[in-house]
Amino acid sequence: MRDNPTRVYASAEEMGRGINIRIMLHAAEDGSAQCVTNLVTGTVEAGKRIPICLKLSNQEAVSMIDSLWLAGVRPSNGEGSSGQLAATEKHLKDMRTIAFSSMGIGETHED
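Remember, it's a predicted structure, so these values are computed and weren't measured experimentally.

**Here we look at the overall build of the chain**
Helices and strands together make up the secondary structure of the chain, namely two helices and three strands. The N-to-C order of helical and strand elements in the chain reads β-β-β-α-α. Going through the 111 residues of the chain one by one, you find that 9% of them count as buried. Within the chain, residue pairs in contact and separated by at least 24 positions form 28% of the contacts whose partners lie at least 6 positions apart. For the chain, the computed accessible surface area is about 9,700 Å², with 55% contributed by carbon and sulfur atoms.

Take a look at the structure:
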């Protein structure tokens with residue numbers, strides 16, 4: 001693994017007008033950085049494979065997703081994180097316990 005991985009940063013624009021993306025390829029010891037300043041567009045003939053414009057390691061991709069999350073971007077399917085799901089499941093189990101206890105009966109099913 002590289003000592004200084006590519007970093008992809010996302011930040012929300014003012015008033016929710018979009019997301020700004022910054023890509024740093026390498027930070028030097030003197031504080032300067034090699035970064036992507038422009039993406040160049042091109043045309044691909046019909047039937048040809050679209051070329052890769054950016055390759056990230058799994059760790060770099062996770063960092064990008066985390067950065068997008070912090071900028072307010074959420075999946076379009078509306079699903080939350082596994083941590084949110086676990087918390088909801090625990091809450092529902094607690095509510096079942098309280099409900100059954102208040103009715104004077106024990107739970108009759110296995111989780």
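Don't stop here, the text continues.
**A closer look at the pattern of salt bridges**
According to the stated counting rule, one finds one salt bridge in the structure shown. Across the pair D94 and K90 runs a salt bridge whose closest N-O atoms are separated by 3.3 Å. Placement of both D94 and K90 in helix α2 (residues 82-102) is noted, with a separation of four residues, approximately one turn of the helix.

**Observations concerning the packing of aromatic side chains**
Within the structure shown, the criterion is met by zero aromatic pairs. It is R74 that lies over the ring of W69; its NZ or CZ is 3.8 Å from the centre.

**Thoughts on the side chain of T6**
Along the chain, T6 turns up in the segment before β1 (7-12). Classification of T6 as buried rests on a relative accessible area of 7%. Excluding residues within four positions of it along the chain, T6 makes contact with I23, M24, L25, L56 and E60.

**A word on helix α1 (residues 58-70)**
Taking 1.5 Å per residue, 13 residues should reach 18 Å; α1 reaches 18 Å between its end C-alpha atoms and fits that length. Those residues of α1 not exposed but buried are E60, S67 and L68. Buried residues of α1 fall within an arc of 100 degrees about the axis and therefore sit on the same side. Seen from the open side of α1, the exposed residues pointing more than 90 degrees away from its buried face are N58, I65 and L70. Buried residues belonging to α1 abut β1 and β2 (19-27). Positive phi appears at G72, one or two residues downstream of α1, with a value of about 100 degrees.

About the criteria used
Residues numbered from 1 in each chain as written. Predicted model: local features only at pLDDT ≥ 70, side-chain atom pairs only at ≥ 80, totals over all residues. Heavy atoms only, no water. Helix = DSSP H or I, 4+ residues; strand = E, 2+ residues; numbered from the N terminus. Buried < 20%, exposed > 50% of the residue type's maximum accessible area, 1.4 Å probe, protein only. Contact = heavy atoms within 4.5 Å. Areas by Shrake-Rupley, 256 points an atom, 1.4 Å probe, with all protein chains shown as cover. Salt bridge = Lys/Arg side-chain N within 4 Å of Asp/Glu carboxyl O. Phe/Tyr/Trp six-rings, centres within 6.5 Å; stacked < 30°, edge-to-face > 60°. Lys NZ or Arg CZ within 6 Å of the ring centre and 35° of its normal. Expected span 1.5 Å × (residues − 1). Arc of directions from axis to C-beta.

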